[in-house]
Protein chains: 2
Amino acid sequence: MATGRNHRPATRSRGIPEATVARLPLYLRALTALSERSVPTVSSEELAAAAGVNSAKLRKDFSYLGSYGTRGVGYDVEYLVYQISRELGLTQDWPVAIIGIGNLGAALANYGGFASRGFRVAALIDADPAMAGTPVAGIPVQHADDLDRIISENGVSIGVITTPPGAAQQVCDRLVAAGVTSILNFAPTVLSVPDGVDVRKVDLSIELQILAFHEQRKAGEDAAADSAFDPAAPPVRAATTSRKGPDGDMPAVMPA
Amino acid sequence: MATGRNHRPATRSRGIPEATVARLPLYLRALTALSERSVPTVSSEELAAAAGVNSAKLRKDFSYLGSYGTRGVGYDVEYLVYQISRELGLTQDWPVAIIGIGNLGAALANYGGFASRGFRVAALIDADPAMAGTPVAGIPVQHADDLDRIISENGVSIGVITTPPGAAQQVCDRLVAAGVTSILNFAPTVLSVPDGVDVRKVDLSIELQILAFHEQRKAGEDAAADSAFDPAAPPVRAATTSRKGPDGDMPAVMPA
DNA sequence: GCCTGTGAAGCTTTTCACAGCC
DNA sequence: GGCTGTGAAAAGCTTCACAGGC
């Protein structure tokens, strides 16, 4: 990779795979822990174990950043911490605004790991006038009417949406209009944004549903030992057309 | 796919791709919204737009479940809601326990979308004796000493960890010992679990760091218009070995 | 004519396995 | 001898494009 092909400007390492980017924070966390224990170097095997990935993947990932290791030895912990921090853009501080200071917004505002590396809660915003002025995690809540001003005055480019789902798209639009180009969305809604704006979502119920899927599989396999049993509701579909699914037609009465 | 190959038992559709499983909850949410508006059928194009994916992907995803659409027409909303619910295992109710009732745990306990489809908060558990008995979201908090009993009495197979990171692995071990086989981890730690136990993690700071990476890229491109400028700290590495990264060596003093 | 279902092609990500260097 | 860095193979995922059926 970094070994001299000539059809790329090469000044800035274009094209780190997205999957790799998503793992860099994991490596960084593991390395930070080693750094705090004053461990000077670490092998790909050890670091991979600490980060919960396999070592081939880790080495491949690091190869996209450059050749930061030493053969026969491993990686210099401090050096890697710095290189990954820089690659992730954490050598600067990002002011973040949280919009929607309910239970979840307050929880995030209080979350320590937030401030620790690269991020700073610059503003808390809520639509409830009664909340305005009340400090949460030591930061006074401001009213949503002033969203524009708050975002631009603080130079916020990353917004965290923790509003109810109904308000999320509107808040998103206003954030984008005010100059925010990265959004972390905790509301269970699909946000639409213009090109150039990144959205990532964190969705509790999606995660639970994925777990339920696998959980059901496990239960199904256990049951399969006893009998070849249809694990779902009985087929009582009231339709005229024939449907071909793997099993289980729709019951007359939908489950709540 | 479902069109008659003969080397699979076929009773239970093995091998729905993980990427598809992860999108089923999105489709389900979009379909539920249509269902509430009493929309009878929907095309792959419309549903894909509502779920924020493209229609080819959606059709491919559905093809793994079976042939549930009608050519020239689209998909029957109610029917699909049922089929996806069943596939995800949401036709049964999953009792869930939340361990660690701080800000975040309380926020999750209060989260409405939780109970609505397939999940029920069966127990709240915390290690602080002062919290025992206090109701959160109408559910009394129980002490961690009784974790084993609480899990088995309630038949909990899905646990949500919202403890501080230091406690997460220990809580995880106890959950697994008590019979939990799926874990949703909000603590910023890598959990190690035996085979057969699924872990999914939700990690605020990882998401923010991924956003920061892309944000930095955007800023870097803007700056590149002005000058070919090193966006990071100056190279003042105190080492003897030569390192070859794309750019940016380590500064003498690490950034806080 | 319209929209689904799906092979086939193209792309991304992971894993393998070993050359290269300490 | 040990461990990194990386081509090459394998697996997984997305997109294309069109046959098939309403």
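About the thresholds
- Residues numbered from 1 in each chain as written.
- Chains lettered and ligands numbered in written order.
- Predicted model: local features only at pLDDT ≥ 70, side-chain atom pairs only at ≥ 80, totals over all residues.
- Heavy atoms only, no water.
- Pairing = 2+ DSSP bridges.
- Helix = DSSP H or I, 4+ residues; strand = E, 2+ residues; numbered from the N terminus.
- Contact = heavy atoms within 4.5 Å.
- Axes fitted to C-alpha atoms, helices over the stretch in contact; angles between N-to-C directions.
- Near = heavy atom within 4 Å.
- UniProt positions renumbered as here; feature names shortened; annotations may be inferred.
- Buried < 20%, exposed > 50% of the residue type's maximum accessible area, 1.4 Å probe, protein only.
- pLDDT = per-residue confidence, 0-100.
- Expected span 1.5 Å × (residues − 1).
- Bend = angle between axes of the 7 residues up to and from the residue.

The next thing to look at is the sheet that holds strand 1 (residues 41-42) of chain B. Residue and element names in this part refer to chain B. Taken in spatial order, the three strands of this open sheet run 1-3-2, and their pairing is antiparallel. In this open sheet, the two edge strands, each paired with only one partner strand, are strand 1 and strand 2 (69-70). The pairing of strand 2 with strand 3 (residues 74-76) spans two bridges and is antiparallel. Each bridged residue has a counterpart across the sheet, and for T70 the counterpart in strand 3 is G74. Lying over the sheet, helix 4 (residues 77-88) contacts strand 1 and strand 3, oriented at roughly 70° with respect to strand 3.

Strand pairing in a sheet takes place through backbone hydrogen bonds and is either antiparallel or parallel in direction. Residue and element names in this part refer to chain B. The strand order across the open sheet formed by seven strands is 6-7-5-4-8-9-10, and the pairing between neighbours is mixed. Each having just a single partner strand, strand 6 (135-136) and strand 10 (198-201) make up the two edges of the open sheet. Sheet topology note: the strand 6/strand 7 (residues 139-143) ladder contains two bridges and is antiparallel. Its bridge partner lying in strand 7, P135 is registered against P140.

This brings us to the protein's contact with DNA strand C. Taken together, 25 residues lie near DNA strand C, and R23 and N54 of chain A together with S44, G69 and Y75 of chain B sit nearest. Backbone atoms, meaning sugar and phosphate, make up 68% of the atoms of DNA strand C lying within 4 Å of the protein. For the surface near DNA strand C, the secondary-structure elements that each account for two or more residues are helix 1 (18-36) and helix 3 (55-65) of chain A together with helix 3 (55-65), strand 2 and strand 3 of chain B.

When the UniProt feature table is mapped onto this chain numbering, "binding site: NAD(+)" (unreviewed entry) sits at G100, I101, G102, N103, L104 and G105 of chain A. With respect to the helices and strands, the residue N103 of chain A is situated in helix 5 (residues 103-110). You can call N103 of chain A partly exposed: its relative accessible area is 40%. Sequence-distant contacts of N103 of chain A, defined by excluding residues within four places in its chain, comprise A107 and N110 of chain B.

Residues and elements named next belong to chain B. In this structure, F62 sits in helix 3. By relative accessible area, which is 2% here, F62 ends up buried. Residues F62 and S44 lie 18 residues apart in sequence; the distance between their C-alpha atoms is 9.6 Å. Those residues within four positions of F62 in sequence are excluded, and the remaining contacts are Y27, L47, Y75, L80 and I84.

Quick look at the confidence of the model for chain A now. Looking at chain A, the pLDDT average stands at 86 and 80% of residues meet or exceed 70. Scored below 50 in pLDDT, residues 1-13 of chain A makes 15 contacts in the model with residues more than four places away or belonging to other chains.

In this model, helix 1 of chain A (19 residues) spans 28 Å end to end at C-alpha, consistent with the 27 Å of a helix rising 1.5 Å per residue. Maximum bend of helix 1 of chain A: about 25°, positioned at L24 of chain A, with proline P25 of chain A one to four residues after it.

It is worth spelling out the UniProt feature "DNA-binding region" (unreviewed entry) in chain A at this point. Taken from the UniProt record, the annotation "DNA-binding region" (unreviewed entry) applies to residues 26-65 of chain A. Taken end to end, residues 26-65 of chain A comprises 75% helix and 5% strand; its first and last C-alpha atoms sit 15 Å apart.

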